[in-house]
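Secondary and tertiary structure notes
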Amino acid sequence: MSEESAGESETDRLASMAESGEEMRITMADDPEDPVKSEIPSVEDKENEYRMEEIKQIKKTREMEAEMKVDVCPLVPGLQVSFVRGSDLFGYVGIEAVLDQMRSKTMKDGFHFNIMVVGQSGLGKSTLVNTLFKSKISRKSCTANYEEKIPKTVKLHSVSHVIEEKGVKMKLTVVDTPGFGDQINNENCWEPVMEYVNQQYEKYLREELHVTRKRRIPDSRVHCCIYFLPATGHRLRPIDVEFMKRLGKMVSIVPVIAKADTLTVDEREDFKERIRRDLAANGILTYPQEEYDEDQEERILNDRIRESLPFAVVGTDREHQVNGNKVLGRKTKWGIIEVENVEHCEFANLRDLLIRSHLQDLKDVTHNILYEKYRVRRLNESNITFRELGLSAWPLENGTDKRETDSHL
């Protein structure tokens, strides 16, 4: 054993003795015949004293580390990052004020949320949207003396509102698809919807490619698509399978069973089970997808949601008195169906998913995953040119175009 190894072993032994509280006994060279010799410290005494000081220093260092509780994590090779818990700081720093700053900025600027409703006429799309946000926000509701006419072809209509609740502003855009699935020949009836989704992606891509971009790019991309299934009690129709199979790769789809009060509880559960089997058999992607789960806690929550899909919902914008309280519901001969009562329907679960728990995640999935796929595919197309995008093909000098125009990169 080398001298260095022996020294390390001795240090470890001393440190263990210090932690266990064991005291070292220093033996003095007592010689009764020489009282002067006992008073003069020997070399061994000095060595023992030195070791005692070393033990005290080691013990003090370890106590300080235990008090600080500093975890060192080498996130980058050659770089060590220390994590100090809030309770170990010497005083209040104010890091938590960042949340207040973010909240204040969000309340001032507001945010956007774009939702699309797809389904044949008569399934209550406008009513459900009004129920979700407890406002008259559907296209039919906000148009005076509006007489609904079923168009011969699918033509998308959008209406935007600014909703404010407790100081938080949200610009809500609802995109409706009247005429979807109402024709005898519904071949390729999903193409206008796909074209609209792609147009919003393309519009956002062009804004991103500008040399001088806007501080906040207007976001008209569809963040969520609610697909309405008729409460037939059978299986998915061919048009349902074809639409969701195509659109599921472009936008987050949440399927719902419309007017679920026409089914009994047993019929509703059997119908939901058939739909889940059809979705899995056809490889249809619905939100939330398993590969988007980031951690265990989020996976547990999303698994619960996936087990409940499709949501059996009932929509209404009328209030009724139930036990002295006003509730949203539909009045029938046998009683009142309370929309927000989970024992009557699953509207509350749908609202929690779209607004209270996953609204920001829907936007993040749209921007970071679905739009990113579109952007990569668009920029990798072999026939894409700058002129096609409406951008400048001239090289830049000092950040400006040679032609001194408003062209873009």
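Residues numbered from 1 in each chain as written. Predicted model: local features only at pLDDT ≥ 70, side-chain atom pairs only at ≥ 80, totals over all residues. Heavy atoms only, no water.

A separate point is empty space enclosed by the protein. Evaluated as defined, the whole model comprises 2 cavities of 30 Å³ or more. For the second largest cavity, the calculated volume is near 30 Å³. In terms of lining, the second largest cavity is formed by Leu229, Pro230, Thr232, Arg235, Leu236, Arg237, Asp240 and Phe271. Residues of the lining of the second largest cavity, tallied by class, amount to 4 nonpolar, 1 polar and 3 charged. (1 Å grid on protein atoms, 1.4 Å probe; cavity = no way out; pocket = protein on both sides within 12 Å on 5 of 7 lines; lining within 4 Å. Points joined across faces, edges and corners; volume = space filled by probe spheres on them. Nonpolar A, V, L, I, M, F, W, Y, C, P; charged D, E, K, R; others polar.)

The next subject is the pattern of salt bridges. Evaluation of the coordinates by the stated rule reveals 19 salt bridges. The residue Arg306 makes a salt bridge to Asp293 at a minimum N-O spacing of 2.8 Å. Here Asp293 lies in the loop between helix 8 (265–281) and helix 9 (296–308) and Arg306 lies in helix 9, a separation of 13 residues in the sequence. Across the pair, Asp293 and Arg306 agree in class, each one buried. A salt bridge links Glu381 to Arg378, with the shortest nitrogen-to-oxygen separation between them at 2.9 Å. On the basis of relative accessibility, which here comes to 26%, the residue Glu381 falls in the partly exposed class. Overlapping salt bridges bring together Glu202, Arg206, Arg377, Arg378 and Glu381 as one network. (Salt bridge = Lys/Arg side-chain N within 4 Å of Asp/Glu carboxyl O. Helix = DSSP H or I, 4+ residues; strand = E, 2+ residues; numbered from the N terminus. Buried < 20%, exposed > 50% of the residue type's maximum accessible area, 1.4 Å probe, protein only.)

Reading across from one edge, 9-10-11 is the order of the 3 strands in this open sheet, with antiparallel pairing throughout. Both edges of this open sheet fall to strand 9 (319–322) and strand 11 (335–338), since each of them pairs with a single strand only. Strand after strand, the sheet turns through a mean of 70° between neighbouring axes, direction not considered. (Pairing = 2+ DSSP bridges. Axes fitted to C-alpha atoms, helices over the stretch in contact; angles between N-to-C directions.)

This next bit is on the confidence of the model for the protein chain. Low pLDDT marks stretches whose predicted atomic positions should not be read closely. Averaged over all residues, the pLDDT of the protein chain equals 77, while 69% of them reach at least 70. Here strand 12 (residues 396–397) stands out as the element of the protein chain with the lowest mean pLDDT, 42, in contrast to strand 7 (residues 253–257), whose mean of 95 is the highest. Long-range and interchain partners of residues 68–72, a stretch whose pLDDT sits below 50, account for 16 contacts in this model, where long-range means more than four residues apart. Between residues 393–409, whose pLDDT stays under 50, and residues either more than four places distant or in other chains, the model counts 25 contacts. (pLDDT = per-residue confidence, 0-100. Contact = heavy atoms within 4.5 Å.)

Quick look at a nonpolar patch on the surface now. A contiguous nonpolar surface patch, about 520 Å² in accessible area, is contributed by Val93, Ile95, Val98, Leu99 and Met102. Summarising the element assignment, Met102 is placed in helix 4 (residues 97–109). (Patch = residues over 30% accessible without salt bridge, like charges linked within 9 Å, V, L, I, M, F, W, Y side chains within 5 Å. Areas by Shrake-Rupley, 256 points an atom, 1.4 Å probe, with all protein chains shown as cover.)

The calculated volume of the largest pocket comes to roughly 1100 Å³. Residues that form the lining of the largest pocket fall into these classes: 11 nonpolar, 7 polar and 14 charged.

Take the packing of aromatic side chains next. Inspection of every chain in the model, using the stated rule, returns 6 aromatic pairs. Look at Tyr201 and Tyr374: their rings are 5.4 Å apart centre to centre, the planes differ by 40°, and that puts the pair in the tilted class. Pair noted here: Tyr201 is in helix 6 (residues 191–208) and Tyr374 is in helix 11 (residues 359–380), with a separation of 173 residues, a long-range link. Exposure remark for Tyr374: the relative accessible area of 8% places this residue in the buried category. One aromatic cluster is present, built from ring pairs that chain together Tyr201, Tyr204, Tyr371 and Tyr374. Stacked on the ring of Tyr204, the Lys or Arg Arg221 has its end atom at 3.7 Å from the ring centre. Its guanidinium or amino end placed over the ring of Tyr371, Arg221 lies 4.9 Å from that ring's centre, counting from NZ or CZ. (Phe/Tyr/Trp six-rings, centres within 6.5 Å; stacked < 30°, edge-to-face > 60°. Lys NZ or Arg CZ within 6 Å of the ring centre and 35° of its normal.)

Sheet topology places strand 9 next to strand 10 (residues 325–332); 4 bridges connect them, and they run antiparallel. Each residue of the ladder has a partner; that of Gln321, found in strand 10, is Lys326. Counting the residues between successive antiparallel strands, the hairpin from strand 9 to strand 10 contains 2 residues, one of them, Asn323, with a positive phi of roughly 55°. Examined bridge by bridge, strand 10 and strand 11 share 4 bridges and lie antiparallel to one another. Residue Arg330 lies in a different strand from strand 11, and its bridge partner there is Ile337. Counting the residues between successive antiparallel strands, the hairpin from strand 10 to strand 11 contains 2 residues.

Let us now look at the side chain of Glu202. Topologically, Glu202 is positioned in helix 6. For Glu202, a relative accessible area of 11% puts it in the buried group. Engagement of the side chain of Glu202 in a polar contact is seen with the side chain of Arg378, the distance being 2.9 Å. (Polar contact = N/O pair within 3.5 Å; in protein donor to acceptor, adjacent residues only side chain to side chain.)

The subject of this paragraph is the environment of Asn188. With respect to the helices, strands and loops of the structure, Asn188 is situated in the loop between strand 5 (168–176) and helix 6. Judged by its relative accessible area of 33%, Asn188 falls in the partly exposed class. Along the sequence, Asn188 and Phe243 sit 55 residues apart, while their C-alpha atoms lie 9.0 Å from each other.

Before going further, it helps to spend a moment on helix 5 (residues 125–133). For helix 5, the buried fraction is high: 8 of the 9 residues fall into the buried class. All buried positions along helix 5 are accounted for by Lys125, Ser126, Leu128, Val129, Asn130, Thr131, Leu132 and Phe133. Looking at the buried side of helix 5, the elements it contacts are strand 3 (111–118), strand 4 (157–165), strand 5, strand 6 (224–229), strand 10 and helix 10 (347–357). Two residues or fewer after helix 5 comes Lys134, characterised by a positive phi angle close to 50°.

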